[in-house]
Amino acid sequence: MLPPPFVKQMQALPGFNFLDFEAALKTSPPVSIRLNPAKTKGEVFSSMASPVPWHPMGRYLEVRPSFTLDPLFHAGNYYVQEAASMFLQEALRQCIDTSKPLRILDLCAAPGGKSTILADFLHHGREDAAGAGLLVTNEVIRPRVNILKDNIEKWGYSNVAVTCADPEVFGTLEDFFDVIVVDAPCSGEGMFRKDPDSIKEWSPANVDLCTARQRKILASVVNALAPGGLLIYSTCTYNTRENEDNVAWFAATFDLEMVPLAINDQWKITSSGLGYHFYPHLTVAEGFYLAVLKKEEGLRKKDQVPPRFKNITPLNKQRVEEAKRWVRQDRGELLLYETINGEVMAFPHAWEKEFLILDTALKSKWFGTQIGAFKGNDFIPDHGLALSLLASPDLQSIEVSLVNALLFLKKEVFPLPTNTPMGWTLVRYQGSPLGWIKVLPNRMNNYFPQERRIRMETR
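About the cut-offs
- Residues numbered from 1 in each chain as written.
- Predicted model: local features only at pLDDT ≥ 70, side-chain atom pairs only at ≥ 80, totals over all residues.
- Heavy atoms only, no water.
- Helix = DSSP H or I, 4+ residues; strand = E, 2+ residues; numbered from the N terminus.
- Expected span 1.5 Å × (residues − 1).
- Contact = heavy atoms within 4.5 Å.
- Pairing = 2+ DSSP bridges.
- Axes fitted to C-alpha atoms, helices over the stretch in contact; angles between N-to-C directions.
- Core = buried A, V, L, I, M, F, W, Y, C linked by side-chain atoms within 4.5 Å.
- Buried < 20%, exposed > 50% of the residue type's maximum accessible area, 1.4 Å probe, protein only.
- Phe/Tyr/Trp six-rings, centres within 6.5 Å; stacked < 30°, edge-to-face > 60°.
- Lys NZ or Arg CZ within 6 Å of the ring centre and 35° of its normal.
- Right-handed = clockwise from strand over helix to strand, strands pointing away.

## A word on helix 9 (residues 204-221)
For step 1, the next point in the chain: Counted at 1.5 Å a residue, the expected span for helix 9 with its 18 residues is 26 Å, and the 26 Å between its end C-alpha atoms agrees.
For step 2, the next point in the chain: Looking at the buried side of helix 9, the elements it contacts are strand 5 (103-106), helix 7 (167-171), strand 8 (177-183), strand 9 (225-235) and helix 10 (241-254).

Below is the structure:
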């Protein structure tokens with residue numbers, strides 16, 4: 001049962017059909033995914049019902065499959081995402097000039113759905129990582145960072161920094177970002193159909209708490225937005241206090257202007273004049289709100305670039321050739337750096353300056369793609385390299401069946417094809433890499449990460 005104060009709040013919205021809205025909350029939520037354009041060449045499910053109209057790679061499914069038991073999900077060929085959240089792509093398309101490289105911050109990023117949209121947007125129509133731009137994908141809550149890292153790793157790009165920092169820390173990076181996305185923690189009214197337990201957690205007091213927290217977040221990070229830069233604010237809630245009131249306050253307090261979007265009438269997205277709402281009785285989606293604001297044009301502060309990184313060093317020249325053998329050389333010049341533990345990371349040379357600045361400002365951060373580690377003179381490839389678009393196309397690999405792919409994902413052994421060569425080998429399913437095995441004379445070792453293995457029964 002919906003809380004009476006929530007009912008009163010919704011009934012007070014001008015022209016709002018509450019009866020239709022209430023009826024929609026009693027229906028099954030739609031199931032949608034977004035395909036990875038860098039990995040998926042066609043559809044991945046036979047139950048594709050229709051495209052998501054505001055995202056070219058979004059798809060509705062007729063039924064919800066077991067994503068856990070689909071190897072292509074683990075390969076990063078698609079992301080399971082609520083359809084309304086994909087509207088970020090349309091806002092980016094309409095508002096952002098992609099003729100120049102961009103620095104983008106996703107401030108409240110976990111589990112990573114919007115960050116993967118941003119990564120795709122930066123790479124659209126580009127083959128080289130250098131020209132695409134830099135994405136900083138941040139999560140404040142430390143326990144949620146690992147799932148963010150996993151999803152970014154699955155998506156495969158290297159011009160990314162995953163960070164764990166409070167918004168105030170980013171506020172010290174004056175004029176640094178061209179775009180900041182704030183998908184703010186909210187009261188979650190838009191999840192009432194998908195997650196009925198969220199109804200029990202809702203209260204007017206929680207709305208007040210969220211409203212104040214959102215204003216603090218926005219005020220903390222605005223200094224990091226460059227002159228002429230865009231801030232995209234979103235929530236998965238309906239009330240005007242967390243949405244329109246906050247946007248109006250933010251625009252007035254920091255002298256930002258609203259940026260209107262051209263909305264296709266057939267999409268049934270509701271414009272309030274201070275942003276755009278998705279309502280489940282009008283759109284095939286859950287509740288969602290988004291607004292775009294622009295900072296006043298002006299002179300951008302010049303970057304102060306540190307001379308070196310704090311805890312990583314350029315990879316030893318004797319090791320460079322071995323490491324380069326594992327990565328492709330046709331995606332722009334890469335820099336190879338090594339931690340004190342021998343872990344090797346790769347990121348585009350074009351963004352070294354930005355990574356240096358981030359390294360100074362932030363304590364917890366992970367740059368680019370971790371491609372492996374040296375143990376003595378031996379190079380041990382990392383799981384991140386297996387899923388990365390940086391992986392060399394010449395690496396040894398085997399194609400496996402669905403049954404054997406699931407055994408691999410359960411971190412078990414499985415029969416190898418006849419005459420499989422010795423050494424490190426990529427396991428592929430339908431052409432998509434899943435991870436590493438090492439073939440030895442009398443056995444093979446499965447190197448799928450223990451923390452990601454499938455625990456669900458597969459038979």
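Back to the write-up after that little detour.
## A closer look at the sheet that holds strand 23 (residues 444-446)
For step 1, the next point in the chain: As summarised here, the arrangement of the four strands in space is 20-21-22-23, forming an open sheet in which the pairing is mixed. The outermost strands of the open sheet, each flanked by one partner alone, are strand 20 (397-399) and strand 23. Sheet twist, expressed as the mean angle between neighbouring strand axes with direction ignored, is 35°.
For step 2, the next point in the chain: Note that strand 20 and strand 21 (residues 423-429) share three bridges and pair parallel.

## Looking at unusual backbone geometry
For step 1, the next point in the chain: Residue proline 111 follows alanine 110 across a cis peptide bond; omega there is 5°.
For step 2, the next point in the chain: Along the chain, the position of proline 111 falls in the loop between strand 5 and helix 5 (113-123).
For step 3, the next point in the chain: Even without being glycine, aspartate 175 reaches a positive phi, approximately 60°.
For step 4, the next point in the chain: Looking at where aspartate 175 falls in the secondary structure, it is placed in the loop between helix 7 and strand 8.
For step 5, the next point in the chain: We note that lysine 268 has phi near 60°; this positive angle belongs to a residue other than glycine.
For step 6, the next point in the chain: By secondary structure assignment, the location of lysine 268 is in the loop between strand 10 (256-258) and strand 11 (270-271).

## Quick word on the nonpolar core
For step 1, the next point in the chain: Residues Trp54, Phe87, Leu92, Ile232, Phe278, Leu290 and Val292 are the most contacted members of the largest nonpolar core, which totals 46 residues.
For step 2, the next point in the chain: The set of elements that each furnish at least two residues to this core consists of helix 4 (87-95), helix 5, helix 6 (145-155), strand 7 (160-164), strand 8, strand 9, strand 12 (276-278) and strand 13 (288-295).
For step 3, the next point in the chain: Per-element accounting of this core gives the leading share, five residues, to helix 5.
For step 4, the next point in the chain: Excluding residues that lie within four positions of it along the chain, tryptophan 54 makes contacts with Tyr60, Ala83, Ala84, Met86, Phe87, Gln89, Glu90, Trp267, Ile269, Phe278 and Thr283.

## Details of the packing of aromatic side chains
For step 1, the next point in the chain: For the coordinates displayed, the defined rule picks out 37 aromatic pairs.
For step 2, the next point in the chain: Linked through ring pairs, Phe6, Phe16, Phe18, Phe21, Phe192, Trp202, Tyr238 and Tyr279 together constitute an aromatic cluster.
For step 3, the next point in the chain: Of note, arginine 103 hangs over the ring of phenylalanine 176, and the distance from its end group to the ring centre comes to 4.2 Å.
For step 4, the next point in the chain: Taking NZ or CZ as reference, lysine 154 lies 4.3 Å from the ring centre of phenylalanine 73, over its face.

## So, the pairing of strand 6 (residues 134-138)
For step 1, the next point in the chain: Burial analysis of strand 6 places five of its five residues in the buried class, which makes it a mostly covered element.
For step 2, the next point in the chain: Along strand 6, one buried face is formed by Leu134, Val136 and Asn138 and the opposite face, lined by Leu135 and Thr137, is buried too.
For step 3, the next point in the chain: In this structure, strand 5 lies alongside strand 6, joined through four bridges in parallel fashion. Within strand 6, the position partnered with isoleucine 104 by the bridge is leucine 135.
For step 4, the next point in the chain: In the classification by handedness, the crossover that spans strand 6, the intervening helix 6 and the parallel strand 7 is right-handed.

## Examining the environment of alanine 49
For step 1, the next point in the chain: With respect to the element layout, alanine 49 can be found in strand 2 (residues 48-51).
For step 2, the next point in the chain: The partly exposed category is assigned to alanine 49, whose relative accessible area is 44%.
For step 3, the next point in the chain: Along the sequence, alanine 49 and leucine 61 sit 12 residues apart, while their C-alpha atoms lie 5.1 Å from each other.
For step 4, the next point in the chain: Filtering out sequence-adjacent residues up to four positions away, alanine 49 remains in contact with Tyr60, Leu61 and Glu62.

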